[in-house]
Amino acid sequence: MQDDECNTQSPKNIAEYNADEKWMDVAIKLGSSQIPFTPPNPWVGCVLITKSGEAFYGATQPPGGKHAEIVAIEAAGDKARGSTMYVTLEPCSHYGRTPPCTQSIIKAGVNRVFIALADPDKKVNGDGIRQLQSASIECRLGLCAEQAAKSLLPYLKHRNTGKPFVVLKLAATMDGYIAAPDYSSKWITGEEARKDAHRLRSESGAVLVGANTVRHDDPELTVRLVEGNNPLRIVLGKVDKKSNTQPLLEWTSGVEELLDYLGEKGILQLLVEGGSKVAGTFHDKGLVDKYIIYFTPGFLGNGSGVHMISGVGAQHLSQIWRGKFGNVQKIGEDLRVEIVPTTFDTILTKLSQL
């Protein structure tokens, strides 16, 4: 969900970075490494640079554990006094599972804090910055904000809309089929692509398929190929109580109501894995925030397989839905393609400026 460099100029080596951008870029990568483990809390990264130039690092631990700022401060010890902190999200200013980070920053004697993004959570929402400034700590907001927002998009969307970020994932042949006419689909892609799909599951609080997918494939929908927590499993409709997908949530109401429900439960990202009708439902209603498609270098070629997305669709070329390519990469023998709505950049800019 994040680019390799904070700087949009893509410097050739680390020495070309502005020093502040360099350390915020490190903080963003630290935070992103914790995506599978911290929700419903945000995955925050922090770097503390001492007066002598020594660096100490922190990343948010799983719920109930220490926040990134505290990890970095404790690693620095007395060396934190007079230091500069780089943190991807505004430090919290309230008591939750842990004490407020702002008080620890003040107590540690940190001199200056670079913050990529203000925290839209109503419990923070600028109060963290105000507390630090009241303690005469210099705060600079907005460094590498857009890159930090890319990493934190599911959290930012949830806190701003109350709904999860929706990723539609599909595995398809080059001619656009996700299954043969007999509905067989194991395995369209290779092992490396499947492992990457499991990583997507580990980053999602919930994963959803249709009842037909359970009947034909009986998937486990777990993260057994990677490290992380299994997501909440959801099926649209009713399925056999003995299926491999159990235990699960059987949802028989509308998908918009499902997103409201998941948002209330603190689910930051929903991974929709199909099949074709489910993908079409989310697509036609404009509910998909990002499409991730794994293409295998193969063709079904008979014209009667199961298409990637079914539904209303365009009746004329002028009505075609057009998005924008995001990251495109080769994974094993397959191709991983990200597509985002044309409004993605506008939304990203808006979220990074809050």
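Residues numbered from 1 in each chain as written. Predicted model: local features only at pLDDT ≥ 70, side-chain atom pairs only at ≥ 80, totals over all residues. Heavy atoms only, no water.

A.B. asks: Now, about the overall build of the protein chain: what can you tell me, with residues and values included?
C.D. replies: Across its full length, the protein chain carries eleven helices and 15 strands. A compact globule built from 354 residues would reach a C-alpha radius of gyration of about 20 Å, and the protein chain, at 22 Å, matches this within 12%. Expressed along its principal axes, the backbone C-alpha trace of the protein chain runs to roughly 70 × 45 × 35 Å. Counting the 354 residues in the protein chain, one finds 53% classified as buried. Expressed as a percentage of contacts within the protein chain between residues at least 6 apart in sequence, the contacts between residues at least 24 apart total 72%. Accessible area of the protein chain: about 16,800 Å², with a carbon and sulfur share of 49%. (Helix = DSSP H or I, 4+ residues; strand = E, 2+ residues; numbered from the N terminus. Rg over C-alpha atoms; globule rule 2.2 N^0.38 Å. Buried < 20%, exposed > 50% of the residue type's maximum accessible area, 1.4 Å probe, protein only. Contact = heavy atoms within 4.5 Å. Areas by Shrake-Rupley, 256 points an atom, 1.4 Å probe, with all protein chains shown as cover.)

A.B. asks: Tell me about helix 9 (residues 255-264), and name the residues and values.
C.D. replies: An α-helical turn contains 3.6 residues, so a residue and the one three or four places further along point in the same direction. Residues of helix 9 that are buried include every one of Val255, Leu258, Leu259, Leu262 and Gly263, and no others. Looking straight down helix 9, one finds its buried side chains confined to an arc of 135°; they lie on one side. In the stretch just after helix 9, Gly266 is the one whose phi turns positive, near 85°. (Arc of directions from axis to C-beta.)

A.B. asks: A description of a nonpolar patch on the surface should follow, citing residues and the corresponding values.
C.D. replies: Among the surface-exposed residues, Phe325, Val328 and Leu335 lie close enough to one another that they form a single nonpolar patch of about 300 Å² accessible area. Mapping Val328 onto the fold places it in strand 14 (residues 323-331). The exposure class assigned to Val328 is partly exposed, which follows from its relative accessible area of 40%. (Patch = residues over 30% accessible without salt bridge, like charges linked within 9 Å, V, L, I, M, F, W, Y side chains within 5 Å. Salt bridge = Lys/Arg side-chain N within 4 Å of Asp/Glu carboxyl O.)

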